[in-house]
Structures are given as structure tokens and as C-alpha cells.
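A structural walkthrough
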Amino acid sequence: MPPEPNPAPLIAAARKRRELTRAKAIQALRELDRTGAPVSFEGIARRAGISRS
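**As for helix H1 (residues 8-35)**
Over its 28 residues, H1 extends 41 Å from the first C-alpha to the last, a length consistent with the 40 Å expected when each residue adds 1.5 Å. Positive phi shows up at Gly36, right after H1, with a value of about 80°.

What follows is the structure, given as C-alpha cells:
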């Protein structure tokens with residue numbers, strides 16, 4: 001019988017990726033706001049280099 005897979009590394013990687021994506025989005029939002037550029041989901045995603053979803 002094969003050992004049970006350990007999902008902990010996948011969960012940790014997904015959590016880290018989510019935190020990094022959120023930080024990029026917040027930084028992009030701040031930059032757009034500071035420069036007076038229009039703020040939209042598409043603009044934030046483009047500026048941050050992340051997907052809109």
C-alpha cells in the first residue's frame with residue numbers, strides 16, 4: 001500500500017502565492033492612487049503583473 005500523500009507543502013505554496021499576489025495588488029493600487037491614475041481591477045492587475053481573477 002503506497003503512503004498517503006502529504007498536502008501540506010501544496011497548501012503552504014498556495015498560501016504563499018496568495019500572499020505575494022495580494023501584496024503586489026496592494027502595491028499597484030497604492031501606485032495608481034498616488035499618481036492619480038484611474039483605478040480598476042484591470043489596471044491593478046496590469047500594473048501588478050497578476051491575473052484579474
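The discussion continues.
**Overview of the packing of H1 against helix H2 (residues 41-48)**
Taken N-terminus to C-terminus, the directions of H1 and H2 make an angle of 110°; their axes are 8 Å apart at the nearest point. Between H1 and H2, the interaxial angle falls into the category roughly perpendicular. Considering the relative orientation of H1 and H2, their crossing is right-handed. On H2, the residues touching Lys24, Ala25, Ala28, Leu29, Glu31 and Leu32 of H1 are Gly43, Ile44, Arg47 and Ala48. Residue composition of the contact of H1 with H2, grouped by class: six nonpolar, one polar and three charged.

Reading the values: the criteria
Residues numbered from 1 in each chain as written. Predicted model: local features only at pLDDT ≥ 70, side-chain atom pairs only at ≥ 80, totals over all residues. Heavy atoms only, no water. Helix = DSSP H or I, 4+ residues; strand = E, 2+ residues; numbered from the N terminus. Expected span 1.5 Å × (residues − 1). Axes fitted to C-alpha atoms, helices over the stretch in contact; angles between N-to-C directions. Parallel < 35°, antiparallel > 145°, perpendicular 65-115°, else oblique. Left-handed = near helix turned anticlockwise from the far one by under 90°. Contact = heavy atoms within 4.5 Å. Nonpolar A, V, L, I, M, F, W, Y, C, P; charged D, E, K, R; others polar.

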